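Structure at a glance
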Amino acid sequence: MSGEEEENAAELKIGDEFLKAKCLMNCEVALILERKYEQLQQMSEDPMNQVSQVFEKSLQYVKRFSRYKNPDAVRQVREILSRYQLAEFELCVLGNLCPETVEEAIAMVPSLKTKGRVHDDEAIEKMLNDLSLIKKFE
């Protein structure tokens, strides 16, 4: 992004590096860290020797703020949100915060309604309904 162009996430002006970056939802990070924690426990008789305090705190954080716990649900959330041609960071914000209404979704991710995007209120409502069904049956 050129120096004279101001970044604005509401309009998806966030820089090429960020637009191309792979983002993970908290629930995805929790699954990764839990798997790593299990591996560390298996490798050592005293698992606390292998796990740093930063690792522990990070795992606690993502577990606490993960909206989805079941690995299948986590996969389904990403699949559903991927169908809506969202930028990675939009997908993760919606997956992490789980807005319940179209208004909440737009307030959290204003770029959903920027000019030239195909996200009308009905499409956003369907997306939110799909997410709520996953949460309900998890």
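Refer to the structure printed above.
The paragraphs below set out a description of the structure included in this document. (Residues numbered from 1 in each chain as written. Predicted model: local features only at pLDDT ≥ 70, side-chain atom pairs only at ≥ 80, totals over all residues. Heavy atoms only, no water.)

**Here's the deal with the pattern of salt bridges**
Taken as a whole, this structure holds nine salt bridges when the rule is applied. In this structure, Lys 113 engages Asp 121 in a salt bridge whose closest nitrogen and oxygen atoms are separated by 3.0 Å. One connected set of salt bridges, linked through shared partners, spans Lys 22, Glu 28, Arg 78 and Glu 88. (Salt bridge = Lys/Arg side-chain N within 4 Å of Asp/Glu carboxyl O.)

**As for the nonpolar core**
Core analysis: the largest hydrophobic core is formed by 28 residues, its most contacted members being Tyr 68, Leu 81, Leu 86 and Leu 94. Secondary-structure elements contributing two or more residues to this core are helix H4 (71–82), helix H5 (88–97), helix H6 (102–108) and helix H7 (121–137). Non-local contacts of Leu 94, meaning those with residues more than four positions away in its chain, are made with Leu 81, Leu 86, Pro 99, Ala 105, Val 109, Leu 112 and Met 127. The next biggest cluster of nonpolar side chains, apart from the first, holds eight residues, and it includes Ala 30, Tyr 37, Phe 55 and Val 62. (Core = buried A, V, L, I, M, F, W, Y, C linked by side-chain atoms within 4.5 Å. Buried < 20%, exposed > 50% of the residue type's maximum accessible area, 1.4 Å probe, protein only. Helix = DSSP H or I, 4+ residues; strand = E, 2+ residues; numbered from the N terminus. Contact = heavy atoms within 4.5 Å.)

**Some points on a negative patch on the surface**
A contiguous patch of negative charge on the surface is contributed by Glu 6, Glu 7, Asp 16 and Glu 17. When you line up the elements, Glu 7 lands in the segment before helix H1 (16–20). (Patch = residues over 30% accessible without salt bridge, like charges linked within 9 Å, V, L, I, M, F, W, Y side chains within 5 Å. Areas by Shrake-Rupley, 256 points an atom, 1.4 Å probe, with all protein chains shown as cover. Lys, Arg positive; Asp, Glu negative; His and termini not counted. Charge placed at Lys NZ, Arg CZ, Asp CG, Glu CD.)

**Some thoughts on the layout of surface pockets**
Roughly 190 Å³ of internal volume is contained in the largest pocket. Lining the largest pocket, in full, are Arg 67, Tyr 68, Cys 98, Pro 99, Glu 100, Leu 128, Asn 129, Leu 131, Ser 132 and Lys 135. For the lining of the largest pocket, a count of residues per class yields five nonpolar, two polar and three charged. (1 Å grid on protein atoms, 1.4 Å probe; cavity = no way out; pocket = protein on both sides within 12 Å on 5 of 7 lines; lining within 4 Å. Points joined across faces, edges and corners; volume = space filled by probe spheres on them. Nonpolar A, V, L, I, M, F, W, Y, C, P; charged D, E, K, R; others polar.)

**Some remarks on the packing of H4 against H7**
In contact at an axis separation of 10 Å, H4 and H7 are set at 175° when each is read in the N-to-C sense. By the criterion of interaxial angle, the relationship of H4 to H7 is roughly antiparallel. For the pair H4 and H7, the contacting residues are Ala 73, Gln 76, Val 77, Ile 80 and Leu 81 in the first and Met 127, Asp 130, Leu 131 and Ile 134 in the second. Of the residues contributing to the contact of H4 with H7, the split by class is seven nonpolar, one polar and one charged. (Axes fitted to C-alpha atoms, helices over the stretch in contact; angles between N-to-C directions. Parallel < 35°, antiparallel > 145°, perpendicular 65-115°, else oblique.)

**Overview of the packing of helix H2 (residues 26–43) against helix H3 (residues 53–65)**
Contact pair H2 / H3: the axes reach a minimum separation of 8 Å and the direction vectors enclose 140°. Regarding the angle of H2 to H3, the classification is oblique. Here H2 runs over H3; the crossing is left-handed. The residues of H3 that touch H2, namely those facing Asn 26, Val 29, Ala 30, Leu 33, Glu 34, Lys 36 and Tyr 37, are Phe 55, Glu 56, Ser 58, Leu 59, Tyr 61, Val 62, Lys 63 and Phe 65. Per-class residue counts for the contact of H2 with H3 are nine nonpolar, two polar and four charged. (Left-handed = near helix turned anticlockwise from the far one by under 90°.)

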